[in-house]
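Coordinates in review
Okay, here's what each chain looks like letter by letter:
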Amino acid sequence: MGKRSYSDAPRLIYINDAQRNQEQQFLHNGVSTAKYNIASFLPIFLYVEFSKAANLFFLFISGIQQIPNISPTSRYTTLVPLVIVLVITAIKEILEDYGVHKSDRELNARKCKIYNGQQFEERRWRDVQVGDICRIENGEFFPADLVLLSSSEPEGLCYIETSNLDGEVNLKIKQALPETAKLVSPSSLAGLRGVIHSEQPNNRLYNYDGTMSLPDDKGVSKDHPLDPSKVLLRGAQLRNTSWIYATVVFTGHETKLMLNSSKKPTKSSNVTRITNRNILYLFTMLVIMSVLCSVGNLIFTNKAGQQLDYIQTPASVNKASEFGLNILTFMILFNSFIPISLMVTMEIVKFVQSTMIDNDLDIYYDKTDTPAVARSSSLIEELGQVEYVFSDKTGTLTCNQMEFQECSIAGLTYAHHPDPDRQPNPQNGAYDPRAQYSFQQLEQHRQDSPQANIIHEFLTALMTCHTVIPEHDKETNEIVYQASSPDEAALVKGASHTFNYHFYARRPHSISCTIHGQDHAYDILNVCEFNSTRKRMSVVLRDSQGKIKVYCKGADSVILERLAAHSLYANETLAHLEDFASEGLRTLCYAMREISEKEYDQWNRVYEKASTTLTNRAQALDDAAEMIEKDMALIGATAIEDKLQDGVPDTIHTLHEAGIKVWVLTGDRQETAINIGYSCKLLTEEMELLVCSTDDHDTARQTLEKHLALIQNHPKHEPLAFIIDGKALTFALEKDLERLFYDIAVQCKAVICCRVSPLQKALVVKLVKKFTKSILLAIGDGANDVSMIQAAHVGIGISGVEGLQAARSADFAISQFRFLKKLLLVHGAWAYQRLSKMIFYYFYKNTLYESWTMSCFNVFFTILPPLAIGIFDQFTSARLLAKYPQMYMLGQSNEFFNQSRFWGWILNAVYHSAILYFVGMAAFMNDEVFAKGWGGGQWWVGTSIFSATLATILWKGALITDIWTKWTWIAIPGSMVIWFVFLPLVSYVGPLLPWGIFLEYVGIVPALWGNINYWLFFILVPLVCILRDYLWK
């Protein structure tokens, strides 16, 4: 459907006023995700198909074949195969689209309850309109984008699951406005009147700006802010809540889910691009051949015209016109030079190869029942040519299953398992700053140390500064923490289980906790949420003593710069952070400040104003948070362990041996990334590390120039690794430094980019793509990796803890990083080699041919060998490819698919054609090959040469086949059987058909099969052709 244009003015939605909403002609709620409908199928399909140069060429040939006295063949010779190819493609498109239509119909026919002014009645989803009030019950999906009005839970609370939107299975909390939360019955809804000032439809999945104007007790309208916490998106599911009431704000294709259903960027493989170019080369050759033959015909008729009176050429023929028409005639004659079914065969082969990936048990992960998925079969051969792998770290190289291991509080470190070499030394006092204490000792320090208050504040921050939702498991009677990230869950779980600071309930404006068995309630006044720009989150809360406190957690780089001047323990904590990072642990800093009622009231007015603005609300909220996240006191830091996935070190080592350079792009600290680099064998002890960590453009330039000079003078056999942080990368990606950065990075065996944003990940990939023709692969598991995955030639998503958004946006999906080894080294190498051989074989076989035989040549006689080669051939076994990864470099260097090989195959085809033609013409120059002087005639000679041609092509296919399966036996000898079945059919059955076709073959079978000359030519000439190829091989 076409895109609608929207004004900048807010959308006005009148609650309980259907007539005024209908006047605005909002979009209906029916959804169609299909590519075609009955009316649009033919024009769209034909437009797409004839946008392809090959199909357009064959349409042109089919057209000129209809002109009388132009075509030397039947007028249907090209048209019939073209129609067959188009019909096959159309059937494939229809079947795929039918499934989508069926799914759409089922979705649009789902039922939901809509308020009619008195009670709720069932309607289909497609009949839901903007402004309707819906009742959604537990377990049901939301039919449109809704604003929550009330729920069965206290204070309008509800829980939702968004796995259909972003793949995250953790529950999220939503909360209605207090003003509408009391509307818990149909009768109470009847008196609801108000106006929602909503933002216009957009694809920002995690943002919503709007206000709800409701009359107060005095009848004066008052605006109440609507933000993402009050919006329920289509596709999400209601969980752990009996029912909710909500009003519709966006419907159908204007919902955020549908606006995010944009097509992935179109990617075409390098092999496909080269194949298209080679087809253009062949077309150029065809035109040149047609012109030369037309010139030859003109010269011949001028010289020997008097001897050709039996042709009965009209005397008044216009030479120029005849010359032009002859060019068209020869183009028709030679059109089979361009293989009409190549593209279709390629698609079939790629599809079958993709199903082999889907069904490979070696890359199936049984723990999560997750198979590999080839979402884009058109890129499968790219897997065999990858030179650069860009990988996320967390969840891709690591498990994304966090465990709280260590922390730093008031200048002392504590650990789950303290280092035995760092036992406290009594000579250094009761609290040894060089020692590492256990978590049990932390509990003792909480009670009797001078820093007990700081310890309490740190543990309180762990317990309260988060967005975790506790879910009670009724079977085990335990609390399961539903968190948006594994880090948060690990910290809350650590505070609860290890330190008895137990968080057990969340309400819209408060949380309930126990500290060593004593109940504590905290009023949550405000939450300044985490985002990739802020790299921190804060909560403003009121404790049980009435004090207002701000707790803030985030990356050390953003927390340290927001501390009060001369903040205590900053240097000690920074040193501890470096120690944690050197152990490969993920770190966070915590800070807090206590604020007065007066300061809070002033700030809250700014925050409330920012939360109700309809323009740049996110930026306004960030600016408001900046005002309160200042002059804080550092209370500690945490260190979380994220273990490496199984097989990661071996996989990276194997990729290096295969000539693949691995770059890791991560948001972690430099020290953490380097340590993980050593753990996973990305970095080795013999590597020299080149580090670029600068805060300004000039220093970045100087550092990069120094590194480049060092590389140029560095021994080639000694490997290098390049480490760059986010700030320095910002400068390195600018126009004047990007080439310098690229020149350094590509000469290093490993590259690690630390503290990078999602945008920087994509920019790094695009930079390398800009300066190299190598195939780039990006792999990640989170929504923040999607832009990087889509920027690379091949994108691979990990189906992991962070959801399925990366996997859904990728070309291929796997569940473990180690599966990348077989995906590239085996499936990729096979696919590239098979397709290369199949394509060249296709070009080779289209060389010579009566019209219907030509029509059947690509469609029947020689369709099976390319399929068998493209699907089943193996130039070596999977075991050897895994054992000797160096063989993968054949794909990187385009060993199997390059222009020299292409022209080699073409010259080989010309050589074989020449032998078949000239030997055939010489052998049958005097075609009196029968007893009593009977001649064979042109059809006998042509069929004999065609039989030998087909035998040569099949022998060539047998010669280039590396492994023989039952399908190879069916395909190659079977194709010759098809030819010998075809001849009797067209000879005896063909003339009986009413269309007057196949008349050329009447009586030809006994004339052929009963003549020794035919069999000698059929056996000996192909043997002569293939002998050179056999000796060469």
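Everything quoted here is computed from the prediction, not taken from an experiment.

Calculation rules
Residues numbered from 1 in each chain as written. Predicted model: local features only at pLDDT ≥ 70, side-chain atom pairs only at ≥ 80, totals over all residues. Heavy atoms only, no water. Helix = DSSP H or I, 4+ residues; strand = E, 2+ residues; numbered from the N terminus. Areas by Shrake-Rupley, 256 points an atom, 1.4 Å probe, with all protein chains shown as cover. Lys, Arg positive; Asp, Glu negative; His and termini not counted. Charge placed at Lys NZ, Arg CZ, Asp CG, Glu CD. Salt bridge = Lys/Arg side-chain N within 4 Å of Asp/Glu carboxyl O. Buried < 20%, exposed > 50% of the residue type's maximum accessible area, 1.4 Å probe, protein only. Domains from an automatic or database assignment. Contact = heavy atoms within 4.5 Å. Buried area = accessible area lost by both parts, 1.4 Å probe. Nonpolar A, V, L, I, M, F, W, Y, C, P; charged D, E, K, R; others polar. Core = buried A, V, L, I, M, F, W, Y, C linked by side-chain atoms within 4.5 Å. Axes fitted to C-alpha atoms, helices over the stretch in contact; angles between N-to-C directions. Parallel < 35°, antiparallel > 145°, perpendicular 65-115°, else oblique. Left-handed = near helix turned anticlockwise from the far one by under 90°. Phe/Tyr/Trp six-rings, centres within 6.5 Å; stacked < 30°, edge-to-face > 60°. Lys NZ or Arg CZ within 6 Å of the ring centre and 35° of its normal. Polar contact = N/O pair within 3.5 Å; in protein donor to acceptor, adjacent residues only side chain to side chain.

Observations concerning the overall build of the protein
Summing up its helical and strand segments, the protein has 36 helices and 34 strands in all. When its C-alpha atoms are laid out on the principal axes, the protein stretches across 125 × 80 × 55 Å. Only carbon and sulfur atoms are counted for the fraction: they give 56% of the accessible area of the protein, which is about 46,500 Å². Both charge centroids of the protein, one from 93 positive and one from 107 negative side chains, sit 6 Å from each other.

Examining the pattern of salt bridges
Evaluated as defined, the whole model comprises 31 salt bridges. Close ionic contact of E254 with R11 constitutes a salt bridge, the shortest N to O distance being 2.8 Å. Taken as a pair, E254 in the loop between β13 (243-250) and α8 (256-259) and R11 in strand β1 (residues 11-15) lie far apart in primary sequence, 243 residues in all. The pair E254 / R11 is uniform in exposure class, with both members buried. In this structure, the salt-bridge partner of K230 is D227, at a minimum N-O distance of 3.8 Å. Residues joined in a network through salt bridges with shared partners are R536, E561, R562, E626 and E629.

A few points about unusual backbone geometry
In this structure, N500 is a non-glycine residue whose phi angle is positive, near 60°. If you trace the backbone, N500 turns up in the loop between α14 (486-497) and β21 (501-507). The exposure class assigned to N500 is partly exposed, which follows from its relative accessible area of 40%. With phi around 55°, N894 is a residue other than glycine that occupies positive phi space. Structurally, the position occupied by N894 is in the loop between α31 (889-892) and α32 (899-923).

A look at the domain arrangement of the protein
Segmenting the protein into domains produces domain 1 (11-29 + 128-260), domain 2 (37-111), domain 3 (364-397 + 644-826), domain 4 (408-641) and domain 5 (829-1032). The interface is formed by 15 residues belonging to domain 3 together with 14 residues belonging to domain 5. When domain 3 packs against domain 5, close to 1,400 Å² is buried across both sides, 59% of that on carbon and sulfur atoms. Of all residues in domain 3, Q385, L825 and V826 give up the largest surface area on contact with domain 5, accounting jointly for 40% of the area buried on that side. Counting the contacts that link domain 3 with domain 5 gives 0 salt bridges. For the side of domain 3 that touches domain 5, the residue count by class is 8 nonpolar, 4 polar and 3 charged.

Some details on the environment of L1020
Looking at the element boundaries, L1020 is found in helix α36 (residues 1012-1032). For the pair L1020 and A948, spaced 72 residues apart in the sequence, the C-alpha separation amounts to 8.7 Å.

Quick notes on the nonpolar core
Counting residues in each nonpolar core, the largest one holds 119 residues, and the members touching the most others are L383, L777, I796, L820 and L824. With 18 residues, the top contributor of residues to this core is helix α27 (residues 819-845). Ignoring anything within four residues of it in the chain, the contact list for L820 reads V389, L655, L777, I779, I796 and I814. In this structure, L462, A490, Y522 and I640 belong to the second largest nonpolar core, which totals 44 residues.

Description of the packing of helix α11 (residues 342-358) against helix α29 (residues 864-872)
Where α11 contacts α29, the two axes come as close as 9 Å, and the packing angle between them is 30°. If you check the angle between α11 and α29, you find them roughly parallel. Where α11 crosses over α29, the two elements pack in a sense that is right-handed. Between α11 and α29, the residues in contact are T345, I348, V349, V352, Q353 and M356 and P866, L867, G870, I871 and F872, respectively. Looking at side-chain class alone, the contact of α11 with α29 contains 8 nonpolar, 3 polar and no charged residues.

Some remarks on the packing of aromatic side chains
The full count for this structure, using the stated rule, is 41 aromatic pairs. Plain terms: the ring middles of Y36 and F41 are 4.9 Å apart, the flat faces sit at 80° to each other, and that makes the pair edge-to-face. Exposure remark for Y36: the relative accessible area of 5% places this residue in the buried category. For F41, a relative accessible area of 16% puts it in the buried group. Each ring, one from F980 and one from F1018, has its centre 5.7 Å from the other, and the planes form 75°; the classification is edge-to-face. Separated by 38 residues along the polypeptide, F980 in helix α34 (residues 966-989) and F1018 in helix α36 bring together distant segments of the chain. Here the aromatic cluster, defined as three or more aromatic residues joined through ring pairs, consists of Y281, F840, Y841, F843, Y844, F897, F902, W903 and W905. In this structure, R110 packs its charged tip against the face of W125, placed 5.2 Å from the ring centre. Lying over the aromatic face of Y844, K956 brings its terminal NZ or CZ to 5.8 Å of the ring centre.

Notes on the side chain of D556
By the secondary structure assignment, D556 is in helix α15 (residues 556-560). For D556, a relative accessible area of 8% puts it in the buried group. Of note is the side chain of D556, whose polar atom sits 2.5 Å from the side chain of R755. The residues touching D556, leaving out its near neighbours within four places in the chain, are L577, C589, R669 and R755.

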